[in-house]
Amino acid sequence: MATAPKPQTGTESAEKEVLLRIEGVTKIYDGTVKAVDDVSLTVTKGEIFGLLGGSGCGKSTLLRMLAGFEVPTKGKIYLAGQDITNLPAYQRPINMMFQSYALFPHLSVWENIAFGLKRDGMPKEQIAERVEKMLGLVQLTKFAQRKPHQLSGGQQQRVALARSLAKRPQLLLLDEPLGALDKKLRETTQLELVNIIEQVGVTCVLVTHDQEEAMTMASRIAVMSEGYFLQVGEPDTVYEMPNSRKVADFIGNVNMFEGVIEEDEPDHVTVRCAECVHYVGHGISGHSGMSVGVAVRPEKVMLSKNKPKGDYNWTEGEVIEIVYFGAHTTYHLKLASGMVLKAQEINSTRDLSCGLTWGDKAYAHWSNEAMVVLTQ
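Here the structure is a predicted model, which is why all the values come from computation and not from measurement.

What counts, and at which threshold
- Residues numbered from 1 in each chain as written.
- Predicted model: local features only at pLDDT ≥ 70, side-chain atom pairs only at ≥ 80, totals over all residues.
- Heavy atoms only, no water.
- Pairing = 2+ DSSP bridges.
- Helix = DSSP H or I, 4+ residues; strand = E, 2+ residues; numbered from the N terminus.
- Axes fitted to C-alpha atoms, helices over the stretch in contact; angles between N-to-C directions.
- Contact = heavy atoms within 4.5 Å.
- pLDDT = per-residue confidence, 0-100.
- Buried < 20%, exposed > 50% of the residue type's maximum accessible area, 1.4 Å probe, protein only.
- Domains from an automatic or database assignment.
- Buried area = accessible area lost by both parts, 1.4 Å probe.
- Salt bridge = Lys/Arg side-chain N within 4 Å of Asp/Glu carboxyl O.
- Polar contact = N/O pair within 3.5 Å; in protein donor to acceptor, adjacent residues only side chain to side chain.
- Nonpolar A, V, L, I, M, F, W, Y, C, P; charged D, E, K, R; others polar.

Let's shift gears to the sheet that holds strand 6 (residues 94-97). Ordered by their spatial adjacency, six strands build an open sheet running 6-7-8-3-9-10, and the pairing between neighbours is mixed. Lying at the two open borders of the sheet, with one neighbouring strand each, are strand 6 and strand 10 (228-233). Averaged over all neighbouring strand pairs, the angle between strand axes comes to 20 degrees, with direction disregarded. Across five bridges, the pairing between strand 9 (residues 220-225) and strand 10 is antiparallel. Looking at the pairing, Val223 lines up with Gln231 of strand 10. The sheet strands contacting helix 4 (residues 153-166) are strand 6 and strand 7 (171-175), and the helix crosses strand 6 at an angle near 170 degrees. Helix-sheet contacts for helix 5 (residues 183-200) involve strand 3 (48-52), strand 7 and strand 8 (203-208), and the interaxial angle to strand 7 is about 165 degrees.

Right, here's the structure in full:
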């Protein structure tokens, strides 16, 4: 199905051992402001789960309630079957890694990692063994005696991770963990972070506003808006089969056509829009005459100078912008309706593959399976 009747609750995870369960959690500030609105979710043991959304969507507030820094106004939080809703943060087997890393500048890498273990009263021999193991895990053994300011941003991030993992938490919370790194370092560190977390086997909840980060690191993601979940699922499912216009627009780039269903058959649907008529190669939950949105990702749009055959799934316009990204080029076509359509071409050769330039008339077309019809 290409559509869903309502926002998802997050309880659709596979039949695995559930470590974290959130039931109807709401957080209200000042008596009226709902930062988190009736959220339910299960996270399975060993899973990396991503909370994705823009500023003010409620993802950080939810994370703080998991950590014990905030208490829910309503609802329950369970960890390994235990109700931890009102349990103080220091009594929870949970560690949180902040965007700023919060490393102690006057302590060495070794001492930063050992800090929490010392506070817990662990014997010196066990501390030394645990710290050395963590240093090896994050590949920082030779930097053990350096201070944080003597490390790169990526190295500081790994120290913070090692410190968070040293106490062997049941649940690791990551709040924008790579936000302080530049783009290239962030991309390489994402995979390093996932590998380390998987080696340890810790369950993780990741908060981020970065779509690529969430889709690279998380096994499942929840897209949040206005305090609730719009959609929960595996990254490829959320991207390819968004359940609403909001999700389609938030995850990646999308061309959104607005139209009306003309034909509604079990094996296909046709939707008439101002720009074209779409023939969608599958049925939907809708009916003839219904207003819908048709989402087409730019990478699924093909360009040509010649008019496509048939009456469906194509439109024409003028090339008004060409943006070169190295691996691909994005073309902006202004259509007669005023809509600007984006098409993405892979740069498989040194020359522009479709031979179009600014001001050219161009035809955009796509397959019967490229579209998602959205009823909300």
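Here we take up the confidence of the model for the protein chain. Per-residue confidence for the protein chain averages 90 on the pLDDT scale, and 95% of its residues sit at or above 70. The spread of mean pLDDT over the elements of the protein chain runs between helix 5, the lowest at 83, and strand 4 (residues 74-79), the highest at 98. Low pLDDT (under 50) marks residues 1-6, which in the prediction has 19 contacts with non-local residues, meaning those over four places away or in another chain.

With that settled, consider the environment of Pro308. For Pro308, the location among the structural elements is in the loop between strand 15 (302-304) and strand 16 (314-324). Given a relative accessible area of 17%, Pro308 falls into the buried group. Each C-alpha atom, one on Pro308 and one on Tyr363, is 7.4 Å from the other, the two residues being 55 residues apart in sequence. With residues up to four places along the chain from it excluded, the contact list for Pro308 reads Trp314, Tyr363 and His365.

With that settled, the discussion passes to the domain arrangement of the protein chain. Segmentation of the protein chain into domains returns domain 1 (14-245) and domain 2 (253-374). The centre of domain 1, based on its C-alpha atoms, is set 39 Å off from the matching centre of domain 2. Contact residues are listed per partner, giving seven residues for domain 1 and nine residues for domain 2. At the boundary of domain 1 with domain 2, total buried surface from both sides reaches about 710 Å², with 48% on carbon and sulfur atoms. On inspection of domain 1 and its partner domain 2, the count reaches two salt bridges. The salt bridge partner of Glu258 is Arg245, with a shortest N-O separation of 2.9 Å. There are four residue pairs in polar contact (both at pLDDT 80 or more) connecting domain 1 and domain 2. Per-class residue counts for the side of domain 1 that touches domain 2 are three nonpolar, two polar and two charged.

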